[in-house]
Each structure stands twice: as structure tokens, then as C-alpha cells.
Amino acid sequence: MRRKGRKQLLGTWVCLVLGGLFLCSLLFLPTQALARNIKVGIIDCYSGPPAVYAKDALNGFKLALKDINKRGVLGKKIEFTTRDTKFKVDIALNMAKELVMREDVDVLVGTINSGASLAVSEAVAKKEKVPFIVWIAKSERITGEKGHKYVFSTGENTAMAGKAGGVALSKKPYVRYWIAGDDYEYGHAIANAAWRNLKKLKPDVKIIGKSWWKPGEPDLIPYITSIMSAKPDAVIFCTGGRSMTNIMKAIKATGMAKKVPIWIHTATDHAVLKPLGAEAPEGVMGTMDYHFYYPDTPANRAFVSAFKAAYGNPPGFPAFHGYITAKFIAKAFRKAGSLNKKKFVNAMEGLKIEGPTGQIEMRSCDHQAVLPMYLGVTKYSPKYGVVISSNIVTLTGNEVMPSCDEIMKARQKK
Amino acid sequence: MAIWNKKSFAFSVLLLICLVILPFFLPRFYTYILASIFVMALLAMSLNLVVGHGGLYQFHHCVFYGVSAYTVALIITKTPLPYWVAFVAGPIVAMLVGFFICWFCVRLSKLYFAMLQISLGSLVWALAFRWYSLTGGDDGIHGVPMPEFISSTKSSYYFILIVLVASLIVLYLILKSPFGATLQATRDNPERCEAVGINVRRHQLVALVISTFFAGVAGVLYVILEQSVFPDLLFWVLSLEIFIMCLLGGWFTFAGPMLGAAIMVSLRTFVGIYTEYWTLVLGIILILLIFFLPEGVMGFLLSKFGSTPEQADNGGSH
Amino acid sequence: MEAGHTVTLAAMGSHFFVGLSRAMILFIVSSGLSFVLGVLRVPNIAHGSLYMIGAFSAFAVSIVAGGGATGFWLALIVAPLVVAAVSFIAERSLFCRLYEREHLMLLLFTFALMLILDDLVKIVWGAEYRSIMAPDFLKGSVTIFKSSFPRYNLFLLIVGPIVAVALWLFTNKSKIGKIARAAAVDREMVGAVGINVSWVFAFAFVLGCFLAGLGGALVAPTVSITLGMDHDIIIEAFLIVTIGGLGNMWGAMVGSLIFGITQSFGVLLWPQFAIVFPYAAVVIVLLLRPTGLLKSVW
């Protein structure tokens, strides 16, 4: 018994020493890129369903860099490195810390997962004082109650989308609403934001029922059947990326859009409508902050054709966000005149850039990009061979964003 | 009960000294990764108490880890209680939940034990995921403040190391005690144990509760390190990963799971830097290990360092 | 916590039917898992990944065949065969060498296989959402009990029992099916009688994976085909197999019905916590009958 224990312990400690040496040898792993260019570290989910959005954002970012690096920023180029978070918050934290502590990046960018964005914002951006630009995640808490000096957002958030929906629906005569969606933070946030604004503008509306399903739930038909049998005046669906295709399919299969008016944020998103082809349901109201076909300005057309030429398909909203993120980073460094992170952050506040859809400002009170919302109805377009948004109404950023006072109050509360 | 003898004691002290002085030479990131390995190592060790040494199919161990982490985060952020209350409450709550869940599970055996635990564990996960007002839902709770003395990378490293070593000593003592020997007997031959008058179920339940306690300790350490909690900590995929760490490292050995944890975390971090297909790499490495190192990495190394009588002993207990 | 609107008989009826059709897919997938579990005594963690490959293959075949009805039927035939081929390769090259080993090693192998297949799917098909449509004759819905019920779900209600009967005939009436069932109960005896047990295992594994692929191909027109599909289905399949009785095909049917219908009714009665219903059902079953509802093969 005694000898066995000793051998076992001996073996154990030898292994641990070997393991330790192995770890130390990793010290000599080269960090990518040796010349001191501007380094951007991107954490995002490149596996699983969200990967399509992450790739789109990265492509938009790369497209912008092509032009930016021709001119250079402060005599240097902007380079980037990516890390796959697999939609897990703990991996996102690990990777963000690796990028900041080991790769020594100047700016952190990412991701689609709201939980991961909030975690990284607090534990890495705020703590290590590294600027973090969130480009797809839609939680309003990122620049709202949990916002701080080192976090920015170049994407729209649930407060903005909800207000757009609320404003749009308040103009309609519907009174009895059913609210349904993915049972996670995003779904509830959209629901709350939309309802809050709708009720304020049209006090006589009421909720006759709610349904929540697990995000990514493949079988939404029973829920739709249930909702339709309650005969609401209109339905608000609060579905996230994973369930969008499923809900659109279910709507088409049950013919719901012909019977009940529906509003869904991102219903008019090309990434959702494209795989469905001609089978996407028509007549669904949706909001989006970017369409490659609207506004049909020279700037947008140029962006779209460059993107198509480089990546084979038209850009979606993540590509748009990725593109403007790159432009913000470049202009902010130029304005700051140095790589100092504090100066970068100051330069970003109130910064205006020229995007494909016009001028975009980074609001200084909350570090949220001021983005317009495009409200439309799905309709088949023979020109593009898919269903797109039609009868588009634009709501400017200022119409949909919470005021600076509301943001400051929310931040005070915690 | 002579556990320590001069050689292995010297080795342990030497390794410990290495780990203690490393942060002064390593870049901050490596200190952080080592600390994360320590947390995972403790979690894997707590699992192995009942899997490797107890023969139980604990397929959803991380529920207890996650519950403890959430307890700590909730107490610190939502109540005015001092930090140490949170740190102590975490493992205690984990133990209570562990007792409750495992009390049901022990009545079943093998795969059914596993399935029931997965179902009950998933219910807990669903609760954390949907109860926004309390748990922040899928956003989680972030920016949990920590006391000054453990908030920097280095200081949290040392704190975690101290707790890890203390826990390991306790676990080792438990395993080498009569209780531990009986536990291994229930793994190898439960019928004979019953015949000799040992209440196998009660024994297993006690072991499970102990393992959930240490899982809870690991949960506390996680919050100290990352200052965040989120529902992923309770998800079955993490449980499966910890299980694999035990198998990978060698589940019949004492320190095998720690090695398994070190391998998985390092692979995930460092391979992830170079390619987004690191699960593919991990899968291939696992297959190589299955074929060439079936006793787990630790088992393999022990068979190299151990002499035949020990191997026969180990072999007999399989 | 909303209970929703008044529960009408019509609503209950339509929910029952939808739950039933969902149960059919669950049955096809979990019967494969159950079969593998019965004969090889190993829970195949990669089962969900094979289901996902089935869905992606159906997509690929459907695109190549130009969509429409031919594309659909072709996909239903070819996709499961593709999955069967993949599983055959994995089994003959690597898995079969592990049969003499510790059970947990087999489990570990299936886990490694899942990791590899997941990334392979990403490499081959990329990360985009894919979608295929049901053929025209199965599109749209019919009105049953005053609510719309998609035609495709009716199709599933027909296909499910056909597969069940075919499987039963195959395992009970065909020679190889009977050998497989014998091997599940007593592999040593089967070997002693002179049958090559390794090939029996190969057959069982490939058949199980074929069923996973078939499930994936059948479900493809109703959902978005994405990279996370395997994680969704694998836990459900495992739970169903456990409550049904390990290795028992009819058990898989019973388990799937319980799962599908409790989920559907959960949606009707308590939408917010509908997810809890099937798990609660599993917990109740396991507490009352720990070995599963029907007799397990071992």
C-alpha cells in the first residue's frame, strides 16, 4: 500500500512537471505579426448557426480595410486577428483576455452573443481599459445601463428596434396583440421595448396572450396554431437569428401572414429571406437597419458591388456594421494622432463617418452609433428572385434611440 | 497510514515552488490560463471522485459547479452580505442541491442514473436561463466585484492555487481513508459489498455529496477568476467536457483528471489561436489517445514509471 | 406566467396531431440510437451529428436534383445512404478495433467522432443557413378541427409508422435482424455459434446511423438547416431512449410519443414553461419505472 502510493505520487508529480514544462514552452509561441501595426482583435462565433452573421461582419470589415490600408493610418496598416468563441461566454472571455494580454491588441471587436459582449465589456474592456466595439449583439444593455467609457456599439439594439416597431404599429388600428418569441434575453428585450413604445403612443392596445419557446425551437407550428385560434388583431414575434428561418417557414406553412398582421424585427433581413427563396412569406412587416437595395444611392450601390465582387453575395446588416466599424476605427486613430487607447476613446465620441447609407455619428453620451431603421413589408421581387422589403419607411436614428437622459438614468440605477 | 515519503514529498514541494514563482516570470496571460486550468482541474478532480473511484455515471456534474457560481454572484451583487459569506455559501448550496438531486439518482444505476441526472440538471439550467429577474437569464451576471486582495491576475492566481492544493489534500485523504477504499469496493463489486453489510447507496450518496461540495468550491473560484456567471456553466456540454477530461487524463489515477483538464484547456486556447477548427483537432487528438494511450495520459505515464507489482495491483482493481 | 387563451377542443386536437407528427421524427432518430445502444451497448454521442449530416445531405441532393418532387424523394433516399456510408467508414476503420475495450472508451470515441463530424460539416458546407422546401404536393395546409395543419406533418404521420413497421419486420423476420437482436442479449453466445460478431456490430451501427440520417432528411424541409442541429436533438433522443427502455424499438416509439405530445400540450397549457414538460415527464417516468417503460434489451 505504501509503495503503491509512493509510485503513484511520483508519477503524478513527474507528469505535472512535464505538463508545466509543456505550458512554458508555449511561451515561445510567436505572437502574430511583429511589426507594430494597429492590431484589432475580433472575437466572434464562427461555428454553429450564428456563424453566418459573424462571417458577414468580418467580410464587411475586411472590405473597408482594403481601402483604409491603401492610405494607411498614422503611417501604419490596420491588421486584425480573429478568435472563434463557439457562442460560449467562457470561451469568449478566455479569447478576449488572450487578445488583450498576449496579442496586445489596440482595439477589441465582436460579437454576436449578447451575454458574451456584456461579459467581455465588463471583465476585459472596463477592467483592462481596452476599447471594445460591439458590432452585432443587440442587447440594449451594452450601451445602456451597462455602458461605460470603453465600450461602443456600431449595431442597432433592442431598444431601437422595439421603438421602431412600436412607432410603426401605433399608426395601425390594431388593438388586441399577441406577443411571442424566443425565450431568452433578446426576445424579451424586443418585446418589452416594442410594447413600451406602442403603449405610450397608443394607450388602448392590450396584450391578450404571450408565448415563449426555446431559442432555435424547430417546430413552431403548434405555437402558431395556438395563437391563431385566439384571433388576435396583430402579432409581434420576437425571434432571434436562430429561429428566424423557422418562424418564417412556419408562417408560410400555416398561411398566417394572410390571416393576421405580423411584425418581426429582422423579418426583412436578407440573410433570413435568401435561403427561403421564393418560399418566404409575403406580407410580414419587418424592421432592419440595412438593406443592400435601399436606399438606392450611389454610395450604397458602390458598397454592394464591391462586396459582391469580393465575396460573391450581397452584404447583410452585419457586413454593414463591420464596414462602418472599420471606418470608425481608422478615423478615430487618425483624429487621436496616436495609438493611446484613452485618446482613441475620446476621439470616437461624437465622431462622424461616411457610410454606405449616409453619414453615421457615434453618439458621445452613450457610445451608440446613430442608425436609422427601415420599416417594410415582405414582398417577392422578380428583379432579385427573392422576397425583399417593400414600401419602405425610414425612421432616423434620433427618432428611435433612447435619449441621453434616459441612458444616464439607467446607468445610475445600477 | 504512511502516505508521504521523502521522495514524493520533495517532488510535491518542488512543483509547488515552481507554481508559486512562475507568475513572476510568465506574461500575465499565462498566469491567467494556469489559474483557469486550476479551476477546471479542481472540477475534474471532484467529478473523478465519483466516476473513477466510485464508478458512478455522473453525467451532469457541472450543475453543482454552476449553482455555486450563481450563488456567489447573486449574494455579492444582490445582497449587502460580505464576500466571505458568498464564498462559503456557494459550496454549501451546491452540496444541498447535490444531495437533493443525487438522492433521486442513487436509486438507479449506470445509464439511468446518468439520464435522470441530466434531466434534473437540465431543469436547473432551464430555471437559470429563464428566470431573468433573478439570474439575468442568458445574459448572465457580469462584473461581479471582488475584494481587493484577490482581484488582480496574480493575486487571484495565488488564492486559487492555495484553495486547489488544500482541496487536493483533502480529496487525497478521503480517497486513502477507509471510506475511500469502501467506495472503490462499491465500484468494483457492489453485490459483495452489500453482502458484507455495507449500505452501498448511502456510501455512494455521501461520496456524491462530497464531490458536489468540491464542485461548488470550483464554482467559487471561477467567479473569482472571471467575475461573471452565465447559464453555459450549467449546460450539459460542459459536463460532458469535464467527463472527457477525466477519461483523457486517466480516471483510475489520482491526478489524471488534472492533467486532462490542463490538456483540454491548453488545446482549446492555443489551438484556437491558429485555427477555428480546433474541435476537429481535439477530436483527432482524442482518437489518437484512445488508440495509443487507452489508460489515459496519466495511466500511460504511471505504467511507465510504476513497476509490475503496482501494475498488477492497479490492473486487478479495474 | 400566461396560460393563454381558453383551451378549446379544436386547439387540443390540433396540438395533439402536431405533437404526434413531431414524435415521428423523434421516433425515427431515437430508434436508431436505441438500436445501436441495444446491440453495441454504447450510447452514440455522435448520433445527432449524423442526423445533421442527413439534413445537409438532403439539402445538397435537393439542390443538385433541381428541387421539386424528384429532388425531395431523391434526397430521402440518398441522404440516409450517405450517412450510412460515413458511419460505415468510421466503424470499419476505427470503431471496430475498440469493441474489446472498456465501455467508456467507446463512449469517448463517439464523443470524438461528434467533434470531428461537426467541424467536417462546417468545412464542407460552410456556416450559412440552408433551407429546402417540401415538394408542391406537400406544401400548404389542410384544415382539421378548424385549424390549419401542414400537409407535410400529415406526411410525417404516415411515414413514421411505415418506418416503425419496416424496422420491426426487419429485426424480427429477417435473418440478420434476428442475429442482431440475439447479439444484443448475448454477444458471446452469438460468437460461439460461429457468427462474426464484429460484422453484426457493424451492421447495427450502420443501420442506427441510417435511421439518424433518414430523420435528418425528413426534418429538413421543416426547419432551418444549421450547424447547431445536432446538439438540439441528441439530448432529446437520449432521454427518449432511456424512458422507453434501452434497445427497445417500441419503447422508442412510446418515449417519442410521450415527449412529442407533452411538449405540444405544454405549449397549449403553459407556453412559457413548455420546455419543462417533457423533462418533467422523463423525471416522473424514471422515478416510477427506473428501467424504462418497456423491457430493456439488457
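Residues numbered from 1 in each chain as written. Chains lettered and ligands numbered in written order. Predicted model: local features only at pLDDT ≥ 70, side-chain atom pairs only at ≥ 80, totals over all residues. Heavy atoms only, no water.

1. What to know about the overall build of chain A
Put simply, the rule reads: A helix here means a DSSP run of H or I that spans at least four residues, while a strand means a run of E at least two residues long, and both kinds are numbered starting from the N terminus. Radius of gyration: over C-alpha atoms. The globule rule applied is 2.2 Å multiplied by the number of residues raised to the 0.38 power. For each residue, the accessible area found with a 1.4 Å probe, counting protein chains only, is set against the maximum for its type, and the residue is called buried under 20%, exposed over 50%, and partly exposed in between. When charges are counted, Lys and Arg contribute as positive and Asp and Glu as negative, whereas His and the chain ends are disregarded. To locate a charge, the coordinates of NZ of Lys, CZ of Arg, CG of Asp or CD of Glu are taken.
Secondary structure summary: chain A contains 15 helices and 14 strands in total. Relative to the globule expectation of 22 Å for 414 residues, the C-alpha radius of gyration of chain A, 23 Å, shows essentially globular dimensions. Out of the 414 residues belonging to chain A, those deemed buried represent 66%. Where the 61 positive side-chain charges of chain A centre and where its 34 negative ones centre are 4 Å apart.

2. Thoughts on the overall build of chain B
Counted only if it meets this: By definition, residues are in contact when any of their heavy atoms lie within 4.5 Å. All accessible areas in this document rest on Shrake-Rupley with a 1.4 Å probe, and a residue is counted as covered only by the protein chains that are shown.
Tallying secondary structure elements over chain B gives 15 helices and two strands in all. Projected onto its principal axes, the C-alpha coordinates of chain B cover approximately 55 × 45 × 40 Å. Per-residue burial for chain B yields a buried fraction of 65% across its 318 residues. A fraction of 76% describes how many contacts in chain B between residues 6 or more apart in sequence connect residues 24 or more apart. With an accessible surface of roughly 11600 Å², chain B has 73% of that area assigned to carbon and sulfur atoms.

3. Considerations on the sheet that holds strand β9 (residues 262-265) of chain A
Residue and element names in this part refer to chain A. The condition is simple: At least two bridges found by DSSP between two strands are what make those strands a pair. Angles shown run from 0 to 180 degrees and are taken between the N-to-C directions of axes, each axis being a line fitted to C-alpha atoms and, for helices, limited to the stretch in contact.
Strand order in the open sheet formed by seven strands is β7-β6-β8-β9-β10-β13-β14, with mixed pairing between adjacent strands. Lying at the two open borders of the sheet, with one neighbouring strand each, are β7 (206-213) and β14 (386-395). Each adjacent strand pair in this sheet contributes to an overall mean axis angle of 25 degrees, direction not counted. Alignment of strand β10 (residues 285-288) against strand β13 (residues 373-381), held across four bridges, turns out to be antiparallel.

4. Thoughts on the state of the cysteines
To keep it simple, the criterion reads: For this text, the term disulfide refers to a pair of cysteine sulfurs within 2.5 Å.
Applying the stated rule across the entire model yields one disulfide over all chains. One disulfide bridge connects Cys365(A) with Cys404(A), the sulfur atoms lying 1.9 Å from each other. Here Cys365(A) and Cys404(A) share a disulfide; its torsion about the S-S bond, -85 degrees, makes the bridge left-handed. You can see Cys365(A) sitting in the loop between β12 (358-361) and β13 and its partner Cys404(A) sitting in helix α15 (residues 404-413), a full 39 residues away along the chain. Note on Cys404(A): relative accessible area 29%, which makes it partly exposed. No disulfide involves Cys209(C); its nearest neighbouring cysteine sulfur is the one of Cys96(C), lying 14 Å away.

5. Observations concerning the sheet that holds strand β2 (residues 78-84) of chain A
All names here are of chain A. Taken in spatial order, the five strands make up an open sheet running β2-β1-β3-β4-β5, and their pairing is parallel. Each end of this open sheet is capped by a strand with a single partner; those strands are β2 and β5 (151-153). Neighbouring strand axes in the sheet, compared pairwise and without regard to direction, differ in orientation by 25 degrees on average. Helix-sheet contacts for helix α4 (residues 114-128) involve β1 (38-44), β3 (107-110), β4 (132-134) and β5, and the interaxial angle to β4 is about 170 degrees. Across the sheet, helix α12 (residues 317-336) touches β1, β2, β3 and β4, and the angle it forms with β3 is around 165 degrees.

6. Things to note about the confidence of the model for chain A
Worth spelling out the cut-off: Every residue gets a pLDDT, meaning the predictor's confidence in that residue, from 0 to 100.
Mean pLDDT over chain A stands at 86; residues scoring 70 or higher make up 91%. Confidence, read as mean pLDDT per element, is least for helix α1 (residues 2-25) of chain A in chain A (57) and greatest for β4(A) (95).

7. Some remarks on the interface of chain B and chain C
Spelled out, the test is: Buried area: the accessible surface (1.4 Å probe) lost by two parts on joining, summed over both. Basic side-chain nitrogens of Lys or Arg form a salt bridge, by our definition, when they fall within 4 Å of a carboxyl oxygen of Asp or Glu.
In this complex, chain B contributes 32 residues to the contact, which on the side of chain C involves 39 residues. Carbon and sulfur atoms make up 84% of the area that chain B and chain C hide from each other, which totals about 3700 Å². Of all residues in chain B, Tyr112(B), Ile290(B) and Phe291(B) give up the largest surface area on contact with chain C, accounting jointly for 18% of the area buried on that side. Taken together, chain B and chain C are joined by zero salt bridges.

8. Notes on the side chain of Lys97(A)
Mapped onto the elements, Lys97(A) comes out in helix α3 (residues 89-101). Exposure remark for Lys97(A): the relative accessible area of 8% places this residue in the buried category. Not counting residues within four places of it along the chain, the set of residues in contact with Lys97(A) comprises Arg102(A), Val124(A), Phe29(B), Tyr32(B), Leu225(B) and Glu226(B).

9. A few points about the pairing of β2(A)
Residue and element names in this part refer to chain A. As a reminder of what qualifies: Convention used here: a crossover is right-handed provided that the path from the first strand, over the helix, to the second strand proceeds clockwise when the strands point away from the viewer.
Two elements, β1 and β2, share seven bridges in a ladder whose sense is parallel. Bridge pairing in β2 links aspartate 44 to aspartate 84. In terms of handedness, the path from β1 via helix α2 (residues 51-71) over to β2 forms a crossover that is right-handed.

10. Regarding the domain arrangement of chain A
By convention, interface size is frequently given as the accessible area that disappears when the constituent parts associate. Residue and element names in this part refer to chain A. To be explicit about the condition: Domain delimitation follows an automatic or database domain assignment.
Segmentation of chain A into domains returns domain 1 (38-156 + 296-370) and domain 2 (159-288 + 373-400). For domain 1 and domain 2, the distance between their C-alpha centres works out to 27 Å. Listed by partner, the interface residues are 13 residues for domain 1 and 20 residues for domain 2. Buried area between domain 1 and domain 2, summed over both chains or domains, comes out near 1400 Å², and the portion from carbon and sulfur atoms is 65%. The largest contributions to the domain 1 side of the interface with domain 2 come from Tyr53, Glu140 and Glu156, which together make up 37% of the buried area.

11. Focus on unusual backbone geometry
Residues and elements named next belong to chain A. Here the amide bond leading from tyrosine 294 into proline 295 is cis, since omega sits at -5 degrees, within 30 degrees of zero. Tracing the chain through its elements places proline 295 in the loop between β10 and α11 (298-311). Residue threonine 266 is not a glycine yet carries a positive backbone phi of 70 degrees. Mapped onto the elements, threonine 266 comes out in the loop between β9 and α10 (270-276). The buried category is assigned to threonine 266, whose relative accessible area is 6%.

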